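In case you want the letters, here they are:
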Amino acid sequence: MAQEINLVQEIAEEEIKKGVYKKKLNLATLVFVGTVLAIMLLFFVYWLVLAGSASLINSRTRDAESRILQENRKEITRRALVTKLDEANKLLKTSSPYSLSITKLLTLLNNSKATLSESGITGSEFRLVGSVRNSSGFKRLADDLNSPEMTEVFADVALTSLSSSGASYDFVIEARFLPTGLLTELQGDQLPQ
Amino acid sequence: MKKLDFSDIKPYAITILVVVVVILVIPFVIKPQLERIREKNLEVKEGRQRLVRLDQKIEDLAKIDEVDESLKLLEVEKAVPSEKRISQLILGVSAIASESGLSVNEMSFKPGLVATASAQKSSTSEKSQKLTDQQENKNQVTFEVSLTGALRRFDDFLSRLEKAKRLMSVDSVETKRQGSNYVFNVTISAPFKALESSGDIIADPVPAFTELHQRVFSFLSQLKDYTSITIPALPTGVTNPF
């Protein structure tokens, strides 16, 4: 008796398996390609939105710029005014009120009956060369230089030279001139705080 | 040895090829797209920020009273002019000296970058040389004045100078006794400032006029004007300008 062998069924099963794999792979490829295309499309749409937004901003910017340019006189005036006031403020803050040094010097000379031969002031360095008739005059000069009124103006007062010629005394005094700023100096009596 | 059988993968060849091509194409298509998006995004962001600044500026400009600020500028121009205005400066300092009872012996100005023949000649003098040696600030005129008179008069001169509308800063003072009088050598600097602009001036915010500016302006407006003198222009390059 001959044995029956069913080969057809096995071949069909393999074929069916292959067909299923192929279908799955095709589907997966389609999904992959579709995803890639969707991402690219999204990017493109996003870029279009950005481009539209940029174009809108550019148009509004042009409009705003033209409005600003129409009022450029106001801006130029404001800029010039502020720049000049800043420059003025800088000078008023940094300049030394040297008139104060001369006022104080006059007081010193009058009180001590001293005679001024030479004086100089550069920056904060103050130098005074003069003579007094007698020792009491010199004492008055020294006392005045150490008075609270003078120490507000002159600091680090140093007698660098003192020599006597007969009854009179020749002296060289060096000091540091303290006040700075014309605005502060003049504010007290001229500007409301 | 088992031989490789490509017949099994043959049905999937096209699919694999498509996947490989798509993967290879990604860096060439998506990467530039991302770069473009990044650039556009930055452009939009910067544009938006600039627009906000411009809108703010329009608001600020609307608040400015043009007439009032123009009048203020005219006043401040007397204190810090846009140009050196040396002739007015000379006349102003002379007027201050005269009002204080001092006589002017000499005024030496530091020659500018382009010196005239006369300025070159005078710059050889010791005094001018000293001035030339000093570092000149490009926004100020530095000059030296020699005066003669009493010490009390000089005190008055300095007080007036410090309260003159054309702002002047005294850099140094030298006093020497000469007979019954004194000779004073004063180095003075007077600032001037022209409007300078650079960068994105349209989008730059309008500078604020602060309380400090108002105080400085109030201070300047009460100072005495010695230099607002109109000097008629004369032809230059002639032998006798008179």
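Residues numbered from 1 in each chain as written. Chains lettered and ligands numbered in written order. Predicted model: local features only at pLDDT ≥ 70, side-chain atom pairs only at ≥ 80, totals over all residues.

Enquirer: Account for the overall build of chain A, with residues named and values stated.
Expert: When helices and strands are tallied, chain A shows six helices and four strands. At a minimum sequence separation of 6, the contacts of chain A that also span at least 24 residues come to 55%. (Helix = DSSP H or I, 4+ residues; strand = E, 2+ residues; numbered from the N terminus. Contact = placed C-beta atoms within 7 Å.)

Enquirer: Give me the overall build of chain B: which residues, what numbers.
Expert: Helices and strands together make up the secondary structure of chain B, namely seven helices and four strands. Nonlocal contacts in chain B, meaning residues at least 24 apart in sequence, comprise 73% of its contacts between residues at least 6 apart.

Enquirer: How would you summarise the sheet that holds strand β1 (residues 115–122) of chain A if you had to cite specific residues and measurements?
Expert: Read from one edge of the open sheet, eight strands run β3(A)-β4(A)-β2(A)-β1(A)-β3(B)-β4(B)-β2(B)-β1(B), paired in antiparallel fashion. Lying at the two open borders of the sheet, with one neighbouring strand each, are β3 (154–165) of chain A together with β1 (103–109) of chain B. Neighbour to neighbour, the strand axes of the sheet diverge by 15 degrees on average, direction disregarded. (Pairing = 2+ DSSP bridges. Axes fitted to C-alpha atoms, helices over the stretch in contact; angles between N-to-C directions.)

Enquirer: Run through the nonpolar core, naming residues and quoting values.
Expert: Grouped together as the largest cluster of nonpolar side chains are 55 residues, with contacts concentrated most on A:A88, B:V76, B:L147, B:F154 and B:F157. When residues of this core are assigned to their parent elements, the largest contribution, six residues, is made by helix α2 (residues 72–94) of chain A. For B:F157, the residues in contact, after removing those within four places along its chain, are B:I96, B:A97, B:S100, B:L102 and B:L147. (Core = buried A, V, L, I, M, F, W, Y, C linked by C-beta atoms within 7 Å. Buried ≥ 20, exposed ≤ 12 C-beta atoms within 10 Å, placed from the backbone.)

Enquirer: Tell me about the interface of chain B and chain A, and please be specific about residues and values.
Expert: With 68 residues of chain B at the interface, the matching set in chain A holds 61 residues. Elements with a contribution of two residues or more to the side of chain B that touches chain A: α1 (13–63), α2 (66–79), α6 (151–162), β3 (169–178) and α7 (211–221) of chain B. Among the elements that line the side of chain B that touches chain A, the one with the most residues is α1(B), at 24 residues. Where β1(A) meets β3(B), five bridges bridge the pair, whose relative direction is antiparallel. Within β3(B), the residue paired with A:G120 across the bridge is B:E174.

Enquirer: Tell me about the confidence of the model for chain B, and name the residues and values.
Expert: All names here are of chain B. Counting all residues, the mean pLDDT for chain B is 84, and 82% of those residues have values of 70 or more. Across residues 113–124, where pLDDT falls below 50, the model places nine contacts with residues more than four positions away in sequence or in other chains. At the level of chain-chain contacts, confidence expressed as ipTM amounts to 0.76, with global pTM at 0.75. (pLDDT = per-residue confidence, 0-100.)

Enquirer: Describe α2(B), naming the residues involved and giving the relevant values.
Expert: Residue and element names in this part refer to chain B. In this model, α2 (14 residues) spans 20 Å end to end at C-alpha, consistent with the 20 Å of a helix rising 1.5 Å per residue. Three or more residues of α2 are buried, namely K72, V76, K78 and A79. Buried residues of α2 fall within an arc of 145 degrees about the axis and therefore sit on the same side. Facing away from the buried side of α2, by more than 90 degrees, are the exposed residues V67, L71 and L74. (Expected span 1.5 Å × (residues − 1). Arc of directions from axis to C-beta.)

Enquirer: Please provide a residue-by-residue account of the pairing of strand β2 (residues 125–132) of chain A, values included.
Expert: Residue and element names in this part refer to chain A. Burial of β2 is one-sided: the residues F126, L128, G130 and V132 facing one way are buried, the residues E125, R127, V129 and S131 facing the other way are not. As judged from the seven bridges shared by β1 and β2, these two strands associate in the antiparallel manner. Counted as the bridge partner of I121 is F126 from β2. The turn joining β1 and β2, which pair antiparallel and follow one another in sequence, is formed by two residues; a positive phi near 60 degrees is taken by G123. By the bridge criterion, eight bridges tie β2 to strand β4 (residues 168–177) in an arrangement that is antiparallel. Counted as the bridge partner of L128 is I173 from β4.

Enquirer: Which residues make up the packing of helix α3 (residues 86–100) of chain B against α6(B), and what values go with them?
Expert: Residue and element names in this part refer to chain B. With their axes 8 Å apart at the nearest point, α3 and α6 run at an angle of 140 degrees to one another. Taken as axis vectors, α3 and α6 run oblique relative to one another. For the pair α3 and α6, the sense of crossing is right-handed. Between α3 and α6, the residues in contact are I96, A97, E99 and S100 and R153, D156, F157, R160 and L161, respectively. For the contact of α3 with α6, a count of residues per class yields four nonpolar, one polar and four charged. (Parallel < 35°, antiparallel > 145°, perpendicular 65-115°, else oblique. Left-handed = near helix turned anticlockwise from the far one by under 90°. Nonpolar A, V, L, I, M, F, W, Y, C, P; charged D, E, K, R; others polar.)

Enquirer: So what's going on with the domain arrangement of chain A? Residues and values would help.
Expert: For chain A, the assigned domains are domain 1 (9–70) and domain 2 (98–190). One C-alpha centre belongs to domain 1 of chain A, the other to domain 2 of chain A; they are set 87 Å apart. (Domains from an automatic or database assignment.)

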